[in-house]
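# Close look at the chain arrangement
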Number of protein chains: 2
Amino acid sequence: MLEARPHEPASLSDASSVNRDDVESRLDPITGNWTIFAPHRGQRPEEFVPPKDFVGKQIRCPFCPGNESETPPPVWVGRVVEDDSSHDVLDPSSFQSAKNDWSVRVVPNKFPAVGDASPRSHHAPKPPREASLFTRRPLTGGHEVIIESRSHATSLSQLDVAEIQLAFLAFRDRIRYWRGVPGIAYVTAFKNAGARAGASLRHTHSQLIATDRVPSAVASMIDRMIRHRVSSGCCLLCDLVRAELKARQRVVWRDKSLIAYCPFASHLPMLVRVTTLEHQACYEDLDDLMIESAARLVRRVVAWLEKIRPGTAYNFCLHTRPPGTQDPPDSFHWSIDIFPRITQIAGFEWGSHCMINPVLPEIAASKFRACAREEDPRRLR
Amino acid sequence: MLEARPHEPASLSDASSVNRDDVESRLDPITGNWTIFAPHRGQRPEEFVPPKDFVGKQIRCPFCPGNESETPPPVWVGRVVEDDSSHDVLDPSSFQSAKNDWSVRVVPNKFPAVGDASPRSHHAPKPPREASLFTRRPLTGGHEVIIESRSHATSLSQLDVAEIQLAFLAFRDRIRYWRGVPGIAYVTAFKNAGARAGASLRHTHSQLIATDRVPSAVASMIDRMIRHRVSSGCCLLCDLVRAELKARQRVVWRDKSLIAYCPFASHLPMLVRVTTLEHQACYEDLDDLMIESAARLVRRVVAWLEKIRPGTAYNFCLHTRPPGTQDPPDSFHWSIDIFPRITQIAGFEWGSHCMINPVLPEIAASKFRACAREEDPRRLR
């Protein structure tokens, strides 16, 4: 049994010998996909050394103070009150006159991945255009950028706690806004940090996309969660969290209200999932205190990750119940997945859609726990 | 309508202005997934310049002549006959005595992603180990490396036609071998060229993976193909090829027997699919002549790709009917997808499993056609 393994490699690639018996596949009960775990693959000879990050060009950063005119006007503005690290959410329309006085601001993406569906839009959604084998549809919704700091910081771990808390409150407010827009079926927030994670700009920012359709893979996850809820009477993620706490192999952190753990069948190496111990379908229904705690925990996870892999590119994805979901028994449960970009998706994964993960989540969790133990207590503010 | 668009951008990123109306999503009838096309996203400011390739380390190349002892003994050996560019397939067991006399050789991967299921293995497959939420299974099968040349070439386009033809015959012979091994349910061949495509070594090589289970995404594609076959009486890929030939928007190349085209709902930019015009479920059932033609065409597609994006990393994936498939009406149809690694999979794609493609396949196909027109006729041998 895997749990009985005595060794814990000191780095990602130092298993003691090539052992084909260590290959196993694990089922992700939420996605229904199997992940192949092949820890010895980290021992392969490697002719390529990845650059620390891609080369940077000199550009005028559109997210820095003074360059606000390079982005569309904000739809959300927050300001940290210096004296007591509390914060105000400002009226974005009145904010125009004092452009420069912000800590976190949210602006429409100038290069959106979806057509415009905001109430201000003049474009009525086009009717579907169908053909037997060539089915195409317009896609409408919103695409926003959450600029998380005035400073040209490049990672969440460099933010003040007050800044990241404001950014996480911005996610909540903007998700609430979009779930109220007629026709919006899906909303997600995510972060691309570093070129290898898909970022095109360095200044720390996240994004939100709202669309008029639930992506098919998300719909099929929700189907699985509904089936579990109906058959067992419990939320699948609540059950998983309880099982992880009992197994004590993959839990990174827990407190009274939150848990961070490395899921049993992670499709990506070193992935950490953060969620509430108590059932909660929608991130945007969390209260201020819980959102601020989640923001602090995500910042710490990123700091641990950067301690293990300095300068790593990473993403996070926020999953909340899609507004277009029909799940009467309240089967969904919000979560945030944080993961570094270590491996490249290669030909096998593209062809089979089956991921090969060289890092067991048990090993990943033990590394994160070691970082948590060594943490500077001042960061826990 | 998209087809009526008068302009064709001269590069991947020069649409004339940001136009949110150009966003549309398209359904891939084989996978059932929607891809978002957002051509204007190529105009985003870009602070990162990707390196030409990752930095190279000096290692003793295990695939070069003279270093054969660094790989396990070959399971397949082919030799180009210099005089007439014909080739011999040698008996790998008798080959041991004259190790150095090979053009293409296939060896077991020293760092396999699957446990051993070859008849030579002493390990009987373990029984499934199940737990309610933590389901794990051993994964057995084979993982082989096809070393495509004696020379330390780094891309298919640098190979002699005779070499790539031998490599493609090796795929056929090894897929045939694995589909005969009891318990093998899925076989695929693929190539990772360049670090961004997931390669760890430069010397030109492909890989083959055989497993005792059909990956769930592949099973669901096959379900869709079976449903189409049952409802329409035709193979879905045959129908798609006919529709592409009729639409004349996305076809890159065709001759009497083969077609290369950019699929309507490509999940990745600049992807080219190669297949036979005539229905054929299994790549490994093609005759020598057809395999040699397919090899030549894939080599040309890679050369076109490298003309458009010099030095690009790329993958290909070979899809053939999985031996474990129950498709009585013969619904599957083999194909090879070739694609450069242009975009990074970012947070939105990881969270939603919905891909954003900045390059319309109509644009991609026109670029490939332009390369085909300018091609050196000597390469068409």
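Residues numbered from 1 in each chain as written. Chains lettered and ligands numbered in written order. Predicted model: local features only at pLDDT ≥ 70, side-chain atom pairs only at ≥ 80, totals over all residues. Heavy atoms only, no water.

## Comments concerning the overall build of chain A
Regarding its fold elements, chain A presents 7 helices and 18 strands. Residues classed as buried in chain A amount to 60% of the 381 residues present. Considering only residue pairs separated by 6 or more positions, chain A has 73% of its internal contacts joining residues 24 or more positions apart. (Helix = DSSP H or I, 4+ residues; strand = E, 2+ residues; numbered from the N terminus. Buried < 20%, exposed > 50% of the residue type's maximum accessible area, 1.4 Å probe, protein only. Contact = heavy atoms within 4.5 Å.)

## Let's talk about the packing of helix α3 (residues 216–232) of chain B against helix α4 (residues 236–247) of chain B
When two helices pack together, their arrangement is given by the angle between their axes and by how far apart the axes lie. Residues and elements named next belong to chain B. Between α3 and α4, the least distance of the axes is 8 Å, while the angle of their chain directions is 75 degrees. Comparing their axes, α4 and α3 come out roughly perpendicular. Counting all contacts with α3, which are made through Met 225, His 228 and Ser 232, the residues of α4 involved are Leu 236, Leu 237 and Asp 239. Its residues assigned to classes, the contact of α3 with α4 comprises 3 nonpolar, 2 polar and 1 charged. (Axes fitted to C-alpha atoms, helices over the stretch in contact; angles between N-to-C directions. Parallel < 35°, antiparallel > 145°, perpendicular 65-115°, else oblique. Nonpolar A, V, L, I, M, F, W, Y, C, P; charged D, E, K, R; others polar.)

## Concerning the pairing of strand β1 (residues 24–27) of chain A
Burial of the side chains of β1 of chain A extends over both faces: Glu 24 and Arg 26 of chain A are buried on one face and Ser 25 and Leu 27 of chain A on the other. Taken together, the 3 bridges between β1 of chain A and strand β9 (residues 136–138) of chain B define a ladder with antiparallel strand orientation. By the bridge assignment for β9 of chain B, Ser 25 of chain A is matched with Arg 137 of chain B. With 4 bridges joining them, β1 of chain A and strand β2 (residues 34–37) of chain A adopt antiparallel strand pairing. Within β2 of chain A, the residue paired with Ser 25 of chain A across the bridge is Ile 36 of chain A. The hairpin turn running from β1 of chain A into β2 of chain A, its antiparallel successor, is 6 residues long, and Gly 32 of chain A in that turn takes a positive phi close to 80 degrees. (Pairing = 2+ DSSP bridges.)

## Notes on the relation of the copies chain A and chain B
Expressed as a screw transformation, the operator carrying chain A onto chain B has a rotation angle of 180 degrees and an axial translation of 0.0 Å, and the superposed copies differ by an RMSD of 0.0 Å. As the rotation angle and translation indicate, the two copies are arranged about a two-fold axis. In this assembly, 100% of the residues forming the interface of chain A have copies in chain B that are likewise at the interface, indicating an isologous arrangement. (Least-squares fit on C-alpha atoms with pLDDT ≥ 70 in both.)

## Section: empty space enclosed by the protein
Under the definition given, this model contains 7 cavities of 30 Å³ or more. Space inside the largest cavity adds up to approximately 140 Å³. Forming the boundary of the largest cavity are 15 residues, of which Trp 34 and Cys 354 of chain A together with Arg 213, Val 214 and Pro 215 of chain B lie nearest the centre. At the level of secondary structure, the elements contributing two or more residues to the lining of the largest cavity comprise β2 of chain A together with α3 of chain B. Its volume calculated, the second largest cavity comes out at about 120 Å³. Among the residues forming the lining of the second largest cavity, the class breakdown is 4 nonpolar, 4 polar and 4 charged. (1 Å grid on protein atoms, 1.4 Å probe; cavity = no way out; pocket = protein on both sides within 12 Å on 5 of 7 lines; lining within 4 Å. Points joined across faces, edges and corners; volume = space filled by probe spheres on them.)

## A short note on the side chain of Glu 375 of chain B
Residue and element names in this part refer to chain B. Relative to the helices and strands, Glu 375 is located in the segment after α7 (361–373). Engagement of the side chain of Glu 375 in a polar contact is seen with the side chain of Arg 300, the distance being 2.7 Å. One polar contact links Glu 375 to Trp 304, side chain to side chain, over a distance of 2.9 Å. (Polar contact = N/O pair within 3.5 Å; in protein donor to acceptor, adjacent residues only side chain to side chain.)

## What about the interface of chain A and chain B?
Between chain A and chain B, the contact holds 105 residues from the first and 105 residues from the second. Joining chain A to chain B, the criterion identifies 2 salt bridges. Between Glu 24 of chain A and Arg 136 of chain B there is a salt bridge; the shortest N-O distance is 3.1 Å. Here chain A and chain B share 16 residue pairs in polar contact (both at pLDDT 80 or more) between them. If you tally residues by element for the side of chain A that touches chain B, the top one is helix α4 (residues 236–247) of chain A, at 6 residues. Looking at the side of chain A that touches chain B residue by residue, the class counts come to 51 nonpolar, 29 polar and 25 charged. (Salt bridge = Lys/Arg side-chain N within 4 Å of Asp/Glu carboxyl O.)

## Quick look at unusual backbone geometry
Positive phi, close to 55 degrees, is recorded for Arg 248 of chain A, a residue that is not glycine. Summarising the element assignment, Arg 248 of chain A is placed in the loop between α4 and β13 (251–254). Within the chain, Met 270 of chain B stands out as a residue other than glycine whose phi angle is a positive 70 degrees. Looking at the secondary structure, you find Met 270 of chain B in the loop between β14 (258–261) and β15 (272–276).

## Here we look at the domain arrangement of chain A
Residue and element names in this part refer to chain A. Structurally, chain A comprises domain 1 (68–117 + 137–211) and domain 2 (215–375). Each partner contributes residues to the interface: domain 1 has 30 residues there, and domain 2 has 32 residues. Taking both partners together, domain 1 and domain 2 bury about 2,800 Å²; carbon and sulfur atoms supply 58% of that area. The largest share of the area that domain 1 buries against domain 2 comes from Phe 168, Arg 179 and Arg 196, three residues that together contribute 23% of it. (Domains from an automatic or database assignment. Buried area = accessible area lost by both parts, 1.4 Å probe.)

## Considerations on the sheet that holds strand β18 (residues 355–357) of chain A
Spatial ordering of the open sheet is given by β18(A)-β2(A)-β1(A)-β9(B), a layout of 4 strands whose pairing is mixed. What marks the edges here is a single partner per strand, and that holds for β18 of chain A together with β9 of chain B. Looking at each pair of strands side by side, their axes are set apart by 30 degrees on average, direction ignored. In this structure, β2 of chain A lies alongside β18 of chain A, joined through 3 bridges in parallel fashion. Along β18 of chain A, the bridge assignment pairs Thr 35 of chain A with Met 355 of chain A.

## Re helix α3 (residues 216–232) of chain A
The end-to-end C-alpha separation of α3 of chain A is 24 Å, in line with the 24 Å expected for 17 residues at 1.5 Å each. Regarding α3 of chain A, the residues found buried are Val 218, Met 221, Ile 222, Met 225, Ile 226 and His 228 of chain A. One side of α3 of chain A carries all its buried residues, which in axial view fall inside an arc of 160 degrees. Every exposed residue of α3 of chain A that faces more than 90 degrees away from the buried side is listed here: Arg 227, Val 230 and Ser 231 of chain A. Lining the buried residues of α3 of chain A we find β11 (186–193) and α4 of chain A together with α6 (347–352) of chain B. Just beyond α3 of chain A, the residue with positive phi is Gly 233 of chain A, at close to 80 degrees. (Expected span 1.5 Å × (residues − 1). Arc of directions from axis to C-beta.)

## Section: the pattern of salt bridges
Summed over all chains, the structure comprises 36 salt bridges over all chains. Across the salt bridge formed by Arg 26 of chain B and Glu 362 of chain B, the nearest N and O atoms sit 3.0 Å from each other. Of the two residues, Arg 26 of chain B is situated in strand β1 (residues 24–27) and Glu 362 of chain B in helix α7; the sequence distance between them amounts to 336 residues. Judged by its relative accessible area of 0%, Arg 26 of chain B falls in the buried class. Residue Glu 362 of chain B is classed as buried on the basis of its relative accessible area of 10%. A salt bridge links Lys 191 of chain B to Glu 148 of chain B; its shortest N-O distance comes to 2.8 Å. Placement of Lys 191 of chain B in strand β11 (residues 186–193) and of Glu 148 of chain B in the loop between β10 (140–147) and α2 (161–179) is noted, with a sequence separation of 43 residues between them. In terms of burial, Lys 191 of chain B and Glu 148 of chain B fall into one category: buried. Taken together, the shared-partner salt bridges connect Glu 24, Arg 26, Glu 244, Arg 250 and Glu 362 of chain A together with Arg 136 of chain B into one network.

## Let's talk about the environment of Pro 328 of chain A
Residues and elements named next belong to chain A. Tracing the sequence through the fold places Pro 328 in the loop between β16 (314–319) and β17 (335–340). With a relative accessible area of 78%, Pro 328 lands in the exposed category. C-alpha of Pro 328 to C-alpha of Ile 226: the two residues are 102 residues apart in sequence and 8.7 Å apart in space.

## A look at the packing of helix α2 (residues 161–179) of chain A against helix α5 (residues 288–308) of chain A
Residues and elements named next belong to chain A. Close contact between α2 and α5 brings their axes to 8 Å; oriented N to C, the two are set at 120 degrees. Classed by the angle they form, the pair α2 and α5 counts as oblique. Relative to α5, the crossing made by α2 is right-handed. Along its contact with α2, which presents Val 161, Ile 164, Gln 165, Phe 168, Leu 169 and Arg 172, the element α5 presents Asp 288, Ile 291, Glu 292, Ala 295, Arg 296, Val 298 and Arg 299. (Left-handed = near helix turned anticlockwise from the far one by under 90°.)

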